Amino acid sequence: MERQRSFSLKPTRLLVFSFTMFSSILFLSTFTTWLTNFTPSVHQQIHLHFNTSTSTSTTNTSSSHSSSSSSSVGDGDSVTLPPLFVHSLTENFTLSGEKISTLIDNRLSRNQESFSGSKSEPVRHHVGASNVNFTAMREYGTSPERVPGNEQKKIVTGGLDGNTQVPFLKKVEQKGVEGCDLTKGYWVFDESYALYSKDSCPFIDEGFDCVGNGRLDRDYSKWRWQPKDCDIPRFNATKMLELIRGKRLVFVGDSINRNQWESMLCMLLGGIKDPSRVYETHGRKITKEKGNYSFRFLDYQCTVEYYVSHFLVHESKARIGQKRRPTLRIDAIDHGSSRWKGADVLVFNTAHWWSHYKTKAGIYYYQEGSVVHPQLNVSTAFRKALKTWSSWVDRHINHRKTRVFFRSSAPSHFSGGDWNSGGHCTEATLPLNETLLSTSYPEKNIIVEQIIEEMKTPVTLLNVTSLSAYRIDGHPSVYGRKTRSSRIQDCSHWCLPGVPDTWNELLYFHLQSR
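Owing to the predicted nature of the structure, the values given are computational and were not obtained by experimental measurement. (Residues numbered from 1 in each chain as written. Predicted model: local features only at pLDDT ≥ 70, side-chain atom pairs only at ≥ 80, totals over all residues. Heavy atoms only, no water.)

A. Summary view of the overall build of the protein. Along the protein, the regular secondary structure elements total 11 helices and 22 strands. For the protein, the residues scored as buried account for 47% of the 514 residues in total. Partitioning the contacts of the protein with sequence separation of at least 6, the portion at a separation of at least 24 is 76%. When the accessible area of the protein is evaluated, it comes to approximately 26600 Å², of which 51% is carbon and sulfur surface. (Helix = DSSP H or I, 4+ residues; strand = E, 2+ residues; numbered from the N terminus. Buried < 20%, exposed > 50% of the residue type's maximum accessible area, 1.4 Å probe, protein only. Contact = heavy atoms within 4.5 Å. Areas by Shrake-Rupley, 256 points an atom, 1.4 Å probe, with all protein chains shown as cover.)

What follows is the structure in structure tokens.
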């Protein structure tokens, strides 16, 4: 019988066994801790690191920075635009159950001296929301420019009380508009604009057809107005046509209102399947020589009309000495006012012509009854004319049927002279930054607001003055005609597509909000 071997645990073996077990346990604990720390959790906070140093660049951004790091704004001031890019991005993430997507604004046109007192000190920039997908960013690299379909947005700030920061992580939602001041905000560069093109709209006359007249850059048509405290809806042609189905939308005023009216025609045409079912009722082609138009949209049985009235009151003639001279009857409504009656939406304006020499001088020009004033202050005359207009509206417009708007003055941007003395704006390709804007509020706007306040008929002020003041880049300049001349530039009217499209988005917003 074989003798059974005995098992004995020697001290050396015990030591080796203990060391092996301890090492294994230590390795497993370390590995578990490492795995826990480096595996992203859905509840884990995501951190974005932004590098705003002007001395740092990446492969993806260096080329764009070199082409746009300095832009000529205003009167030749050079503004350095530091790069702003995402330093690190992780997984697509959620917050409170909702997907968040943000966009780092590209390069802002800011004057650094006004905030820092030093040209070398960097300025903090805004970061706005958009629909950029972080997963796509990670897949294509950290530069937003490389994301397919990315609608890159630049922001030019305005009316932000000197505060140049906003949160860069925000829930994508439609902010409320109650109590929101639509005049305070900033222009956002949005690749999804313009809402139409020259080729898609035959209603743009030569004076506003900048592309047709040779303008090559297109950025001026891609800026969207973003109010500071709320969002306005993107213009929807079909919904707008439904709002005016069977109705008359009428614009009355000077050539700046014709600018807005042509913009509205082009924007509405985007909701029509067969453009041949939109026509001018008298077969007229749009030119600046003719002043009255009515376009019918057959599918919606509505009309969109424009009636020229430079002053809203009657342009007349009176005998002064041995000659009959032009006068302005500031006590009598324009004789074309009978055409305005019965409209469902009325959009008035006047301001542009009150800045011309004869109206500013007021020498034997303003007439009341049979009296021609030897001289009258233009502000006094403007107030009297607006009182005449407001009295006509109160007497002849049924506010239960008709919605009345008055659009505020649109600014001109002449540098180095006036429209007839070598004034220019041709070098402007970006909106102005807020430090280059005039801070004075036009006296004409104050008078308009005071008159509206006294009226019985509710009138909505479509205030476009402040937001338009940034847009020195939006004028036809030398592209207001096919035969260009640098001696005469148009820095008052606006290219189409362009700034008047925003005015119509505000009008659309107000009509929806009723």
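B. Fine view of the side chain of N349. Position of N349 relative to the elements: it lies in the loop between β18 (345-348) and α7 (357-361). A relative accessible area of 3% places N349 in the buried class. Polar side-chain contacts of N349 include one of 3.0 Å to the side chain of D254. N349 has contacts with V252, G253, D254, I256, N257, S309, L312, F406 and R407, leaving out every residue within four places of it along the chain. (Polar contact = N/O pair within 3.5 Å; in protein donor to acceptor, adjacent residues only side chain to side chain.)

C. Spotlight on the pairing of strand β16 (residues 313-320). Judged from the 8 bridges that link them, β16 and strand β17 (residues 323-333) form a sheet pairing that is antiparallel. Pairing of S316 across the sheet is with T327, part of β17. Linkage of β16 to β17, two consecutive antiparallel strands, is achieved through a turn of 2 residues, within which G321 is found at a positive phi near 70°. (Pairing = 2+ DSSP bridges.)

D. Examining the packing of helix α6 (residues 255-269) against helix α11 (residues 499-513) more closely. Viewed as axis vectors pointing N to C, α6 and α11 meet at an angle of 75°, and their least axial separation amounts to 9 Å. When the axes of α6 and α11 are compared, the pair comes out roughly perpendicular. Contacts between α6 and α11 involve I256, N259, Q260, S263, M264 and M267 on the former and, on the latter, P500, D501, W503, N504, E505 and L507. Within the contact of α6 with α11, the residues separate by chemical class into 6 nonpolar, 4 polar and 2 charged. (Axes fitted to C-alpha atoms, helices over the stretch in contact; angles between N-to-C directions. Parallel < 35°, antiparallel > 145°, perpendicular 65-115°, else oblique. Nonpolar A, V, L, I, M, F, W, Y, C, P; charged D, E, K, R; others polar.)

E. Looking closely at the environment of S197. Considering the arrangement of structural elements, one finds S197 in the loop between β10 (185-189) and β11 (223-227). Spatially, the C-alpha atoms of S197 and V211 are 9.2 Å apart, while their sequence positions differ by 14 residues.

F. Summary view of the packing of aromatic side chains. All told, the structure shown has 18 aromatic pairs when counted by the stated rule. Aromatic side chains F311 and W353 sit 6.1 Å apart centroid to centroid with 80° between the ring planes, which places their arrangement in the edge-to-face category. Here the residue F311 occupies a position in the loop between β15 (302-308) and β16, and W353 occupies one in the loop between β18 and α7, the gap between them amounting to 42 residues. In this structure F311 comes out as buried when scored by relative accessible area, which is 1%. Since its relative accessible area comes to 23%, W353 is described here as partly exposed. Taking the centre distance of 5.1 Å and the plane angle of 90° together, the rings of W354 and F382 count as edge-to-face. Taken together, the positions of W354 in the loop between β18 and α7 and F382 in helix α8 (residues 378-396) put the pair 28 residues apart, joining distant regions of the chain. A network of ring pairs unites the aromatic residues F311, W353, W354, Y365, Y366 and F382 as a single cluster. Directly above the aromatic system of Y193 lies the positively charged group of R234, at a separation of 4.6 Å from the ring centroid. Lying over the aromatic face of W187, R471 brings its terminal NZ or CZ to 4.7 Å of the ring centre. (Phe/Tyr/Trp six-rings, centres within 6.5 Å; stacked < 30°, edge-to-face > 60°. Lys NZ or Arg CZ within 6 Å of the ring centre and 35° of its normal.)

G. Inspection of α6 at higher detail. Between its first and last C-alpha, α6 extends 21 Å over 15 residues, near the 21 Å set by a 1.5 Å rise per residue. Where burial is concerned, most of α6 is hidden: 15 out of the 15 residues are buried. With a side-chain oxygen lying 3.0 Å from the backbone nitrogen of I256, the N-terminal cap of α6 falls on D254. (Expected span 1.5 Å × (residues − 1).)

H. Layout of empty space enclosed by the protein. Enumeration over the complete set of coordinates arrives at 2 cavities of 30 Å³ or more. The element best represented in the lining of the largest cavity is α11, accounting for 4 residues. When its residues are assigned to classes, the lining of the largest cavity shows 6 nonpolar, 3 polar and 3 charged. (1 Å grid on protein atoms, 1.4 Å probe; cavity = no way out; pocket = protein on both sides within 12 Å on 5 of 7 lines; lining within 4 Å. Points joined across faces, edges and corners; volume = space filled by probe spheres on them.)

I. Summary view of the sheet that holds β17. As summarised here, the arrangement of the 4 strands in space is β16-β17-β19-β20, forming an open sheet in which the pairing is mixed. Whereas interior strands pair on both sides, the edge strands pair on one side only; in this sheet they are β16 and β20 (371-372). Pairing analysis gives 2 bridges linking strand β19 (residues 366-368) to β20, with the strands arranged antiparallel. Of the residues in β20, the one forming a bridge with Q367 is V372.

J. Spotlight on the side chain of R224. With respect to the helices and strands, the residue R224 is situated in strand β11. Within the structure, the side chain of R224 is placed 3.0 Å from the side chain of Q226, a separation counted as a polar contact.

K. Representation of the sheet that holds strand β13 (residues 278-280). Sheet architecture is open: 7 strands sit in the order β13-β14-β15-β12-β18-β21-β22, paired in mixed fashion. Two strands lie at the open edges of the sheet, namely β13 and β22 (459-462), each paired on one side alone. Each strand of the sheet is rotated relative to its neighbour by a mean of 20°, with strand direction disregarded. Looking at chain direction, β13 and strand β14 (residues 292-297) are connected through 3 bridges and run antiparallel. The residue of β14 that forms the bridge with Y279 is R296. Across the face of the sheet, α8 comes into contact with β18, β21 (403-407) and β22 while running at roughly 175° to β18.

L. A look at the pattern of salt bridges. Going through the model one piece at a time under the given rule, you end up with 15 salt bridges. The closest approach of N and O atoms between K222 and E191, which form a salt bridge, is 3.8 Å. A residue pair is termed long-range when its members are at least 10 positions apart, and K222 in the loop between β10 and β11 and E191 in the loop between β10 and β11 qualify at 31 residues. Under the relative-accessibility criterion, K222 is labelled buried at 18%. Note that D299 and R277 form a salt bridge whose closest N and O atoms lie 2.4 Å from each other. Taken together, the positions of D299 in the loop between β14 and β15 and R277 in the loop between α6 and β13 put the pair 22 residues apart, joining distant regions of the chain. For D299, a relative accessible area of 33% gives the class partly exposed. Through salt bridges with shared partners, a single ionic network connects D205, R258 and E262. (Salt bridge = Lys/Arg side-chain N within 4 Å of Asp/Glu carboxyl O.)

Geometric descriptors of this kind do not, in isolation, establish any biological role.
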